[in-house]
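One-letter residues, chain by chain:
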Amino acid sequence: MTVLTENPKGYPVDEKWLEELVRAALTVHGAIPDAQVSLTLTDDEGIRELNREFRGVDASTDVLSFPLLDYGEDYDEEDTDEVWEEDDVDRDPETGEVLLGDIVLSMETAERQAEEFGHGLQREVGYLIVHSMMHLLGYDHEEEEDKRIMRDMEEKALSLVGLTRDEDGAEEEEEEPYYSGFVAVVGRPNVGKSTLINRIVGEKVSIVSAKPQTTRNAIRGVLQEEDCQIVFVDTPGLIKARNRLGDYMVSSVGHALEETDAVLALFDATAPFGGGDKALLELLGRQKDLPVYAVLNKIDRIPDKAQLLEKIAFLGEYPFLKAILPVSASTGEGLDELLEEIHTVIPEGPPYFPEDMYTDQTERTMIAEIIREKALRNLGEEIPHGIGVEIVRMKTRPGGHITDIHADLYVEKASHKGIVLGKGGSMLRLIGSQAREDIEELIQGHVNLQIWVRVKEGWRDSPAALKALGYTEDE
Ligand SMILES: Nc1nc2c(ncn2[C@@H]2O[C@H](COP(=O)(O)OP(=O)(O)OP(=O)(O)O)[C@@H](O)[C@H]2O)c(=O)[nH]1
Ligand SMILES: [Mg+2]
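Here the structure is a predicted model, which means the values were calculated and not measured.

What counts, and where the lines are drawn
Residues numbered from 1 in each chain as written. Chains lettered and ligands numbered in written order. Predicted model: local features only at pLDDT ≥ 70, side-chain atom pairs only at ≥ 80, totals over all residues. Helix = DSSP H or I, 4+ residues; strand = E, 2+ residues; numbered from the N terminus. Rg over C-alpha atoms; globule rule 2.2 N^0.38 Å. Buried ≥ 20, exposed ≤ 12 C-beta atoms within 10 Å, placed from the backbone. Contact = placed C-beta atoms within 7 Å. Domains from an automatic or database assignment. Nonpolar A, V, L, I, M, F, W, Y, C, P; charged D, E, K, R; others polar. Axes fitted to C-alpha atoms, helices over the stretch in contact; angles between N-to-C directions. Parallel < 35°, antiparallel > 145°, perpendicular 65-115°, else oblique. Left-handed = near helix turned anticlockwise from the far one by under 90°. Pairing = 2+ DSSP bridges. Near = placed C-beta within 6 Å. Core = buried A, V, L, I, M, F, W, Y, C linked by C-beta atoms within 7 Å.

(A) Expanded view of the overall build of the protein. Counting its secondary structure elements, the protein contains 16 helices and 13 strands. For 475 residues, the compact-globule formula gives about 23 Å, and the C-alpha radius of gyration of the protein, at 35 Å, lies well above that figure. Once the C-alpha set of the protein is aligned to its principal axes, its extents read approximately 110 × 60 × 40 Å. The buried share of the protein, reckoned over its 475 residues, is 34%. For the protein, contacts bridging at least 24 residues in sequence account for 69% of all contacts bridging at least 6.

If you want it as structure tokens, here you go:
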């Protein structure tokens, strides 16, 4: 086999490697390597001239191939041997090698295309030569099926010279890095932590109410981006624990701070700073090497910006804060800036959750939480903290259209039961119908919801009751 290379412009290409490419194409085709190929490396103008001369078009292409063998109309690649054996094939008078034809390649275009496709020049030149070789051997890509066969041969030939898609170093470099990390969201009750996370994640991850101590668990909400996954950890508002449930809530904040890449400390921009805020800032100041951002939420409710400046000045006294970010979780104002900041501290890492998952909670937990949210929103001040919801039964009927859900709603005092039920059961019906609407949205199906109100005195101090309701340490 001979490859006659012409490289008048002196492009830095190894002739031996070009020969290898030609040989690889012949090998995968299975043809006798008793062949000769002419190969010319030129520039765009060179190709343009050839195009004008031989094809009557004024254009520069990446590569041109001129087969010398006549494969005829009904040619099948399997028949190459027969074609070669014919008497009228052109042979090199000295060596007797069959003249397959000419390949002319524009190195200028190859360079451009390599850049466009984001792979190395080697891969591009390799591909173009192997592709042209296939044309010289009678392959074409007019029909889908032919194209598939040709692509297959090309890939095989390229892998023979170590230019596989996976192993090609140039292509590997193209792989974008992936980022992942955890961000804990902490703050006093009712400052808008859950609202913020729901807004960022774009799904309802945590329930929200105007009553403090709405969130009781550390709940994860996942922001999914093409090259990044940020897991936001919603935490219960920081309170002084007065019972076991309170202990659990406080400790879940502590856990959230243990393994996190950043902290968002949320403050209500419409309320004065209190002892709780200062205690939180002091606690966070002691966390060494942890990026902490102060987030001033609810700025949509501050028409007077001077009031905001006052808050910013107060937070300015804590130099460990990486930034002070005024936002509105309700309107979304300031969230782009906040996310931009967070991205700067999220390290490279693997995805922690499948790409279609936005929370770690089970459907059952989310349903219990929806019911609790509706109870919180509709009931007066004194009852909400004593409410717990347990899903006792959940079963989809045959056919899959209706799901029966049976939930127990716990209250701490017998006197509370009547309030939750309301006049003639009207309050419970309201809670139930609001909850059902949200649950149907969540599970995408019809729901038959039954809620039973039960009195369980002191359940917030009962380890067994806490466990049954999902408030356990190892969660
Ligand atoms: N106007 C306004 N209201 C907000 C904003 N963010 C939250 N809220 C309201 O503030 C109340 C508390 O919001 P949540 O998200 O439940 O607050 P939280 O910090 O998670 O509260 P806990 O879970 O109890 O600690 C709700 O009534 C929200 O609608 C905001 O940016 N602007
Ligand atoms: Mg919350």
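After presenting the structure, the write-up continues.
(B) Quick look at the domain arrangement of the protein. Taken as a whole, the protein is organised into domain 1 (2–173), domain 2 (179–343) and domain 3 (363–468). Spacing between the C-alpha centres of domain 2 and domain 3 amounts to 28 Å. Taken together, the contact pairs nine residues of domain 2 with 12 residues of domain 3. Grouping the amino acids of the side of domain 2 that touches domain 3 by side-chain chemistry returns three nonpolar, four polar and two charged.

(C) Examining the packing of helix 5 (residues 121–136) against helix 6 (residues 144–160) more closely. Where helix 5 contacts helix 6, the two axes come as close as 9 Å, and the packing angle between them is 130°. If you check the angle between helix 5 and helix 6, you find them oblique. Both helix 5 and helix 6 take part in a crossing whose hand is right-handed. Counted together, G126, Y127, V130, H131 and M134 of helix 5 and M150, M153, E154, A157 and L158 of helix 6 form the full contact between these two elements.

(D) Broad picture of the sheet that holds strand 10 (residues 321–326). Read from one edge of the open sheet, six strands run 6-7-5-8-9-10, paired in mixed fashion. Each edge of the open sheet is held by one strand with a lone partner, namely strand 6 (219–225) and strand 10. Taken pair by pair, the neighbouring strands of this sheet meet at an average axis angle of 25°, ignoring direction. Across five bridges, strand 5 (residues 179–187) lies against strand 8 (residues 262–268) in parallel orientation. Counterpart to G187 in the pairing with strand 8 is L266. The strands that helix 12 (residues 335–343) touches are strand 5, strand 7 (228–234), strand 8, strand 9 (292–297) and strand 10; relative to strand 10, the one it contacts most, it runs at about 160°.

(E) Structural context of unusual backbone geometry. Even without being glycine, N190 reaches a positive phi, approximately 75°. Mapped onto the secondary structure, N190 falls in the loop between strand 5 and helix 8 (193–201). For N190, a count of 19 C-beta atoms within 10 Å translates into the label partly exposed. Even without being glycine, Q444 reaches a positive phi, approximately 55°. Along the polypeptide, Q444 turns up in the loop between helix 15 (426–443) and strand 13 (446–455). According to the C-beta neighbour criterion, Q444 is exposed, with 6 such atoms within 10 Å.

(F) Expanded view of helix 8. With respect to burial, helix 8 is a largely interior element, eight of its nine residues being buried. Where helix 8 terminates, the next one or two residues include G202, which has phi positive at roughly 85°.

(G) Summary view of the sheet that holds strand 3 (residues 63–67). The four strands are arranged 1-2-4-3 in an open sheet whose pairing can be described as mixed. Either end of the sheet is taken by a strand with one partner, and the two such strands are strand 1 (2–6) and strand 3. Between one strand and the next, the sheet's axes are offset by a mean angle of 15°, whatever the strand orientation. Strand direction decides the pairing type here: strand 2 (residues 35–42) and strand 4 (residues 98–106), joined by eight bridges, are parallel. Across the sheet, the residue bridging to V37 is G101, located in strand 4. Packing against the sheet, helix 2 (residues 44–55) makes contact with strand 2, strand 3 and strand 4, and its axis sits at approximately 125° to strand 4. With respect to the sheet, helix 5 is in contact with strand 2, strand 3 and strand 4, its orientation differing from that of strand 3 by roughly 25°.

(H) Region of the structure containing the site of ligand 1. Around ligand 1 lies a shell of 24 residues, among which G192, S194, T195, T215 and G237 are the nearest. Per-element tally for the shell around ligand 1: the top contributor is helix 8, with three residues.

(I) Examining the pairing of strand 5 more closely. Across seven bridges, strand 5 lies against strand 7 in parallel orientation. Residue pairing across strands places S180 opposite Q229, the latter belonging to strand 7.

(J) Spotlight on the packing of helix 1 (residues 15–29) against helix 6. With their axes 8 Å apart at the nearest point, helix 1 and helix 6 run at an angle of 130° to one another. The angle between helix 1 and helix 6 falls in the class oblique. Here helix 1 and helix 6 pass one another in a crossing that is right-handed. On helix 6, the residues touching A24, A25, T27, V28 and H29 of helix 1 are M153, K156, A157 and L160.

(K) Examining the nonpolar core more closely. With 38 residues, the main nonpolar core has V183, V185, F232, V233, A265 and V295 as its most contacted residues. In this structure V185 touches K193, L196, I197, F232, V233, D234, T235, L264 and L266, once residues within four positions along its chain are discounted. Counting 36 residues, the second-largest nonpolar core is a separate cluster that includes L39, L69, L105 and L137.

(L) Just the pairing of strand 11 (residues 388–396), in detail. Where strand 11 lies against strand 12 (residues 402–411), eight bridges are found, and the strand directions are antiparallel. Bridge assignment links E390 to a residue of strand 12, and that residue is D408. A loop of five residues connects strand 11 with strand 12, the two strands running antiparallel in sequence, and G399 in this loop sits at a positive phi of about 105°.

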